[in-house]
Protein chains: 2
Amino acid sequence: MGSHVARRLLADGAARVTIVDNLSTGFRELVPSDPRASFVQGDLLDQALLDRTFAGHDFVFHMAANADIKDNLAVPRKCVDQNIIATQNVLEAMRANKVGAVAFASTGSVYGEPEVLPTPEDAPMPVQTSIYATSKVAAEGLLTSYALGFGFNVWIFRFVSLLGPAYSHGHVIDFYRRLRKDPSRLPILGDGKQRKSYLHVEDCVSAMLLAVEKQPAGDRIAIYNLGHQEWIEVSESVKIICRELGVSPKLEYAGGTRGWVGDSPKILLATDRIRALGWAPTKSIEASIIDTVRSFESHAYLLRE
Amino acid sequence: MGSHVARRLLADGAARVTIVDNLSTGFRELVPSDPRASFVQGDLLDQALLDRTFAGHDFVFHMAANADIKDNLAVPRKCVDQNIIATQNVLEAMRANKVGAVAFASTGSVYGEPEVLPTPEDAPMPVQTSIYATSKVAAEGLLTSYALGFGFNVWIFRFVSLLGPAYSHGHVIDFYRRLRKDPSRLPILGDGKQRKSYLHVEDCVSAMLLAVEKQPAGDRIAIYNLGHQEWIEVSESVKIICRELGVSPKLEYAGGTRGWVGDSPKILLATDRIRALGWAPTKSIEASIIDTVRSFESHAYLLRE
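Here's what I pulled together on the structure shown here. As the structure is a prediction and not an experimental result, all values here were calculated from the model.

What counts, and where the lines are drawn
Residues numbered from 1 in each chain as written. Chains lettered and ligands numbered in written order. Predicted model: local features only at pLDDT ≥ 70, side-chain atom pairs only at ≥ 80, totals over all residues. Pairing = 2+ DSSP bridges. Helix = DSSP H or I, 4+ residues; strand = E, 2+ residues; numbered from the N terminus. Least-squares fit on C-alpha atoms with pLDDT ≥ 70 in both. Contact = placed C-beta atoms within 7 Å. Buried ≥ 20, exposed ≤ 12 C-beta atoms within 10 Å, placed from the backbone. Axes fitted to C-alpha atoms, helices over the stretch in contact; angles between N-to-C directions. Parallel < 35°, antiparallel > 145°, perpendicular 65-115°, else oblique. Nonpolar A, V, L, I, M, F, W, Y, C, P; charged D, E, K, R; others polar. Core = buried A, V, L, I, M, F, W, Y, C linked by C-beta atoms within 7 Å. Arc of directions from axis to C-beta.

## Thoughts on the sheet that holds strand E8 (residues 195-196) of chain A
What links the strands of a sheet is backbone hydrogen bonding, and the strands pair in either a parallel or an antiparallel sense. Sheet architecture is open: three strands sit in the order E11-E8-E13 (chain A), paired in mixed fashion. Sheet topology places strand E11 (232-233) and strand E13 (266-267) of chain A at the edges, where each strand pairs with a single neighbour.

Okay, here's the thing in structure tokens:
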């Protein structure tokens, strides 16, 4: 996600882009080769590093997070540290350096198991079902509190799961890895009937930059759902991946309507708010899945484990 | 709050009650004198202390928090530490000791500046306006995530501001302190038109214990608003306090519709959910204010600063 944002900013003429990543799930290879781009390997839990690094910048895209919703119960403090504390560190480094604007990668998971589909930004307050989503709700609240308290401009983007080149998180890379090891069988969490929306990362970046550009002066807080109007079943997604790889594995469904505790079996976001600015996805979910799978062939380092 | 819960549990026949408090805002004098009550002075950020203390218990009332919403911007990390991290410590100590049930003191502030009044539990997802409320939303989410992930039973109570004997937090003690020092003038935040609901702490404790008692078997998560159907303006509250103290200060309103950044000028919670269990407040807001003021006369230690 971060590398896609950085590349787009450079393409759009940014004078300088600094990328901060601890490379826990990111890849050095994805940092753009451009004299205007600099890379700082460091952790967002290192406040002093952030305080130094943010000097002289005027906008932060805060995309760093522990996004591992599946395993959040195994390491219950990880999301709190990496998503809540790290976000407050970002906000404090902004205060220290008088950086007044931040865009934040939140998640459609903040809606829990929504009663309303497609789910709008002002859906009924849900019961939070995962530490991951809880940590994102908390990070959102820190952003809006700092916006009101310290005069920041904040953009909160609640995504569906993303797809696209080099997208090294989520079910596509999981299935890809398994099928490369053993194309004869594919274990799948849940019953395959979970139905979710996805979005190509390039469409996502376009939406974010448009929202930042179109923000009415004086509005300190913007919250947007970002997702595709299409949604597909896990079982369909599996078919697309297998067809693309030319394999016919035995599909071994674990059963149950949810992939894991806190998994929402249905995700579809209402995107009227961002569409009102003139945005729409340019790529179908199927094309996005194929794009993701093909990118793994040309980026072998993504498959390092 | 905690001392009122402890006293009620003892009156209801509890075999043993352990009170943990760092006395940062609590008072040793409020710990019930009862052979079944024991007191542990300690901080919820001390995980080892919690792990030891929770041994042999079967229910936790987690009422500890930094409740200082007014000053949350001055010390931005305090609410995160004392309300989010401390809550996760409580949950981890419960896991370590196989304690499976917890009641949590949340706040009506989680609704931000609600568009719907009275505000129901499933109000539209608000924009969080304070680090305090953000930290309570996060704590709620941790409780519900642990409930689903680890099989806990959790009760979340979203209160209006409380009143009652020895209630050493909020506007009544603030005004009382100021008027005892200088009865000729009273500085008041905002324009005095903020209109809020309050609840007597004894009515609040009754509601919590009723909700715990009536929980349907199998329901792991309960969320209740607790508040009075009445609400009053700050200016009315001031009149009641002044009349009770027999003083006529010059009222010096700071102006503005909010007392502080993140103050919600209107707070009234829909309490249909708890009322459906047969609960209703027994004391008017006026009687509760008077009860609070009178208690300060007989509990001089509450006025220590």
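## Brief notes about the sheet that holds strand E8 (residues 195-196) of chain B
Residue and element names in this part refer to chain B. With respect to topology, three strands assemble into an open sheet ordered E11-E8-E13, the strand pairing being mixed. A strand with exactly one partner marks an edge of an open sheet, and here the two such strands are strand E11 (232-233) and strand E13 (266-267). In this sheet, E11 lies alongside E8 in antiparallel orientation, the contact comprising two bridges. Bridge assignment links lysine 196 to a residue of E11, and that residue is isoleucine 232.

## Regarding the relation of the copies chain A and chain B
Structural alignment of chain A on chain B gives an RMSD of 0.0 Å, achieved by rotating through 180° and translating 0.0 Å along the axis. Taken together, the rotation and translation describe the operation of a two-fold axis. Mapped onto chain B, 100% of the interface residues of chain A are again interface residues, and the two copies thus contact each other with one and the same surface.

## Details of the pairing of strand E1 (residues 17-21) of chain A
Residues and elements named next belong to chain A. Summarising burial for E1: four of the five residues are buried, a large majority. As paired elements, E1 and strand E2 (residues 37-41) share five bridges and run parallel to each other. Paired with isoleucine 19 across the bridge in E2 is phenylalanine 39.

## Details of the pairing of strand E7 (residues 185-188) of chain B
Residue and element names in this part refer to chain B. Covered by surrounding structure in E7 are Leu186 and Ile188 only, the residues Arg185 and Pro187 on the alternate face being uncovered. Here E7 runs beside strand E12 (residues 250-253); their pairing, made up of four bridges, is parallel. Residue pairing across strands places arginine 185 opposite lysine 250, the latter belonging to E12.

## A closer look at the interface of chain A and chain B
Taken together, the contact between chain A and chain B spans 27 residues of the former and 27 residues of the latter. Looking at the side of chain A that touches chain B, the elements that each hand over two or more residues are helix H3 (76-97) and helix H4 (131-150) of chain A. The greatest single-element share of the side of chain A that touches chain B, amounting to 10 residues, is contributed by H4 of chain A.

## Here's the deal with the packing of H3 of chain A against helix H3 (residues 78-97) of chain B
For the pair H3 of chain A and H3 of chain B, the least separation of the axes is 11 Å and the interaxial angle reads 170°. Our classification of the angle between H3 of chain A and H3 of chain B gives roughly antiparallel. Contact residues: H3 of chain A offers Pro76, Arg77, Val80, Ile84 and Gln88 of chain A, while H3 of chain B offers Val80, Ile84 and Gln88 of chain B. Tallied by class, residues from the contact of H3 of chain A with H3 of chain B come to five nonpolar, two polar and one charged.

## What about the environment of tryptophan 231 of chain B?
Residues and elements named next belong to chain B. Inspection of the secondary structure puts tryptophan 231 in the loop between strand E10 (221-226) and E11. The class of tryptophan 231 is buried, set by 20 C-beta atoms lying within 10 Å. Separated by 53 residues in the primary sequence, tryptophan 231 and serine 284 have C-alpha atoms spaced 9.8 Å apart.

## So, the nonpolar core
Phe104 and Phe157 of chain A together with Phe104 and Phe157 of chain B are the most contacted members of the largest nonpolar core, which totals 172 residues. The residues contacting phenylalanine 157 of chain A, other than those within four sequence positions of it, are Ala103, Phe104, Ala105, Ser106, Met208, Tyr224 and Leu226 of chain A.

## Comments concerning unusual backbone geometry
All names here are of chain A. Cis rather than trans, the peptide bond between leucine 117 and proline 118 has omega equal to -10°. Within the secondary structure, proline 118 is located in the loop between strand E4 (101-107) and H4. Positive phi is not limited to glycine here, since leucine 23 has a value of about 60°. Relative to the elements of secondary structure, leucine 23 occurs in the loop between E1 and E2.

## Quick word on the environment of tyrosine 301 of chain A
Residue and element names in this part refer to chain A. Structurally, tyrosine 301 can be placed in the segment after helix H9 (285-298). Its 11 C-beta neighbours within 10 Å are what place tyrosine 301 among the exposed residues. Placed 171 residues apart in sequence, tyrosine 301 and serine 130 show a C-alpha to C-alpha distance of 30 Å. Apart from the residues within four sequence positions on either side, tyrosine 301 is in contact with Phe27 and Glu29.

## Observations regarding helix H5 (residues 171-181) of chain B
Residue and element names in this part refer to chain B. Within the span of H5, buried status applies to His171, Val172, Phe175 and Tyr176. Seen from one end, H5 has its buried residues packed into an arc of 130°, which puts them on one side. Along H5, the residues that are exposed and aim more than 90 degrees away from the buried face are Arg180 and Lys181. Those residues of H5 hidden inside the fold are in contact with strand E6 (161-163), E7, helix H7 (234-245) and helix H9 (285-298).

## Quick word on the environment of lysine 193 of chain B
Residues and elements named next belong to chain B. Locating lysine 193 in the fold gives a position in the loop between E7 and E8. Between the alpha carbons of lysine 193 and proline 265 there is a distance of 7.8 Å; along the sequence they are 72 residues apart. Residue contacts for lysine 193: discarding those within four places in its chain leaves Glu233, Ser235 and Thr257.

Everything listed is a geometric property; what it means functionally is a separate question.
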